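Now for the letters of each chain:
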Amino acid sequence: MDKRPILLFDSGVGGLSVLAAVRDQLPQASLVYVADSAGFPYGTKSEAEIAARVPALLGRLAERFDPRLIVIACNTASTIALQHVRAALDVPIVGTVPAIKPAAGMSETRVIGVLGTEATVRQPYVDDLAARFASDCLVLRHGAAALVELAEAKLHGEPTDPAAYRDAVAGLFGQPGGDRIDVIVNACTHFPLVVDELSAAKPHPVRFVDGAPGIARRVAHLTQGQEWPGSLENRAVFTRFGEAERRLVPALARYGIDRIEAL
């Protein structure tokens, strides 16, 4: 049997939202989840730093784990480094992009919010998605790096302040036209992990959408017909492994990860 895993990569634990969707689509797949804890967070780093770090790190990971496919389960890394990774590695690469297309299909008011990190929402790639798939919509953006830390804290079992979520969504709803937003794109894989908290903080009814289901369908398509190992071994790998990462063990177990190690 083909024992090669699917490798999912993120700066932290946000990509677990993508891992969950992939597991739903491919319960027979072995998964390696990699968190670049030594480089976390990506959302406040420069494009040059990410463009250099991500391909080099994924090259090391590809040598170590020989994956059949790599998912960059991080919007920031994908919008900046995806083309560099594809050029460097001879492995199928699936990226993560803001779910603007499905959001445009859902919106009735034709006003969409895009909530991400500062590094993601300012990318020309987001301009292109909006022009191609939401040209008749007002697309409002807001960088909310604090939500990344809140999602990480939640998975560590730490309490988070509801006011912090209200502040994050206020950056969208407070813009001109923000009172008409009816769909919000969670353009960071961390944000679906706190979608209940975001929903409680919204000033009026909206729907949230993210790219995880589409990524999972793409992975299933690219691996269609392939063989899988008879027994699963899902592991998490951290580029820095300390007390904070050890506290994630219970949360990782809920995602079906039973082995944790350092790179």
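Look above for the structure.
Please read these numbers as outputs of a predicted model, since none were measured by experiment.

Some points on empty space enclosed by the protein
Applying the stated criterion to the full structure yields one cavity of 30 Å³ or more. By volume, the largest cavity is sized at about 60 Å³. Lining of the largest cavity is provided by 16 residues; of these, Asn 75, Asn 186, Thr 189, Asp 210 and Gly 211 occupy positions nearest its centre. When residues of the lining of the largest cavity are traced back to their parent elements, those giving at least two are helix H1 (16-25) and strand S7 (183-186). Of the residues in the lining of the largest cavity, the class split is nine nonpolar, six polar and one charged.

Here's the deal with the layout of surface pockets
Looking at the largest pocket, its volume works out to about 570 Å³. If you go around the largest pocket, you meet 24 residues; those closest to its centre are Val 97, Pro 98, Pro 102, Gly 211 and Gly 214. Taken together, the elements giving at least two residues each to the lining of the largest pocket come down to helix H3 (75-88), strand S4 (93-94), helix H4 (100-106), helix H6 (124-133) and helix H10 (212-222). Residue classes in the lining of the largest pocket are distributed as 14 nonpolar, four polar and six charged.

Things to note about the packing of aromatic side chains
This model, assessed by the stated rule, comprises two aromatic pairs. A centroid spacing of 5.9 Å and a plane angle of 50° characterise the contact between Phe 238 and Phe 241, whose relative ring orientation is tilted. A relative accessible area of 2% places Phe 238 in the buried class. Since its relative accessible area comes to 29%, Phe 241 is described here as partly exposed. Arg 68 extends its terminal NZ or CZ atom over the ring of Trp 228, reaching a point 3.9 Å from the ring centre.

What to know about the sheet that holds strand S5 (residues 111-116)
Taken together, four strands build an open sheet; the order of strands is S6-S5-S7-S8 and the sheet is parallel. The open sheet has two edge strands, strand S6 (138-143) and strand S8 (207-209), and neither has a second partner. Taken over all neighbouring pairs, the strand axes of this sheet differ in orientation by 25° on average, direction set aside. Summarising the sheet, S5 and S6 pair through six bridges and their orientation is parallel. Counted as the bridge partner of Gly 113 is Leu 140 from S6.

Remarks on the side chain of Thr 189
Summarising the element assignment, Thr 189 is placed in the loop between S7 and helix H9 (195-201). Every residue in contact with Thr 189, bar those within four places of it in the chain, is listed here: Asp 10, Gly 14, Gly 15, Ser 17, Val 18, Ala 73, Cys 74, Asn 75 and Thr 96.

Examining H6
Listed as buried for H6 are Val 126, Leu 129 and Ala 130. Considered in projection along H6, the buried side chains sweep an arc of 95° and stay on one side of the axis. Of the residues in H6, the exposed ones pointing more than 90 degrees away from the buried face are Pro 124, Ala 131 and Arg 132.

Regarding unusual backbone geometry
Of note, the bond from Phe 40 into Pro 41 is cis; its omega dihedral lies within 30 degrees of zero at 0°. Mapped onto the elements, Pro 41 comes out in the loop between strand S2 (31-35) and helix H2 (47-65). Although it is not a glycine, Asp 66 adopts a positive phi angle of roughly 45°. For Asp 66, a relative accessible area of 45% translates into the label partly exposed. One non-glycine residue, Arg 110, adopts positive backbone phi at about 65°. Topologically, Arg 110 is positioned in the loop between H4 and S5.

As for helix H7 (residues 146-155)
Taken across its ten residues, H7 has seven buried, putting it largely inside the fold. Here H7 has its buried residues at Leu 147, Val 148, Leu 150, Ala 151, Glu 152, Ala 153 and Leu 155. Among the structural elements, H1, S5, helix H8 (162-173), H9 and helix H12 (249-254) are those in contact with the buried residues of H7. Positive phi appears at Gly 157, one or two residues downstream of H7, with a value of about 85°.

Re the pairing of strand S1 (residues 6-10)
Among the five residues that make up S1, five are buried, leaving the element largely enclosed by the rest of the structure. Burial along S1 is two-sided: the residues Ile 6, Leu 8 and Asp 10 and Leu 7 and Phe 9 are all buried. Summarising the sheet, S1 and S2 pair through five bridges and their orientation is parallel. Each bridged residue has a counterpart across the sheet, and for Leu 7 the counterpart in S2 is Val 32. Crossover handedness for the path S1 to H1 to S2: right-handed. For S1 and strand S3 (residues 69-72), the ladder comprises four bridges, and the chain directions are parallel.

Criteria and thresholds
- Here, residues in each chain are numbered from 1, in the same order as that chain's written sequence.
- It should be noted that, the model being predicted, local features are given only for residues of pLDDT at least 70 and side-chain atom pairs only at 80 or more, the latter also being counted only at that level, while totals for whole chains, interfaces and linings use all residues.
- Derived side-chain values reflect all non-hydrogen atoms in the structure, with water molecules and hydrogen atoms excluded from consideration.
- Definitions used throughout: a 1 Å grid over protein atoms alone; a cavity as a set of points that fits a 1.4 Å probe which cannot get out; a pocket as an open set with protein on both sides within 12 Å along at least five of seven lines; a lining residue as one with an atom within 4 Å of a point.
- Grid points are joined across faces, edges and corners, and a volume is the space filled by probe spheres set on the points.
- Secondary structure elements are taken from DSSP: a helix is a run of H or I of four residues or more, a strand is a run of E of two residues or more, and numbering for both begins at the N terminus.
- The nonpolar class holds Ala, Val, Leu, Ile, Met, Phe, Trp, Tyr, Cys and Pro. Asp, Glu, Lys and Arg form the charged class, and all remaining residues, Gly among them, are polar.
- Any pair of Phe, Tyr and Trp rings, taking the six-membered ring for Trp, is counted once the centres come within 6.5 Å. Such a pair is stacked with planes under 30 degrees apart, edge-to-face with planes over 60 apart, and tilted for the rest.
- For every residue, the accessible area obtained with a 1.4 Å probe (protein chains only) is divided by the maximum for its type, and the residue is called buried under 20%, exposed over 50%, and partly exposed between those limits.
- When the NZ atom of lysine or the CZ atom of arginine is within 6 Å of a ring's centre and also within 35 degrees of its normal, the charge is said to sit over that ring.
- Two strands pair under a simple rule: DSSP has to find at least two bridges between them.
- As a rule, the C-alpha atoms of each element are fitted with a line to give its axis, helices using only the stretch in contact, and angles between N-to-C directions run from 0 to 180 degrees.
- Whether two residues touch is decided by their heavy atoms; if any such pair falls within 4.5 Å, the residues are in contact.
- What the arc covers is the set of directions going from the helix axis to the C-beta atoms.
- When the strands point away from the viewer, a crossover counts as right-handed if the path from the first strand over the helix to the second runs clockwise.

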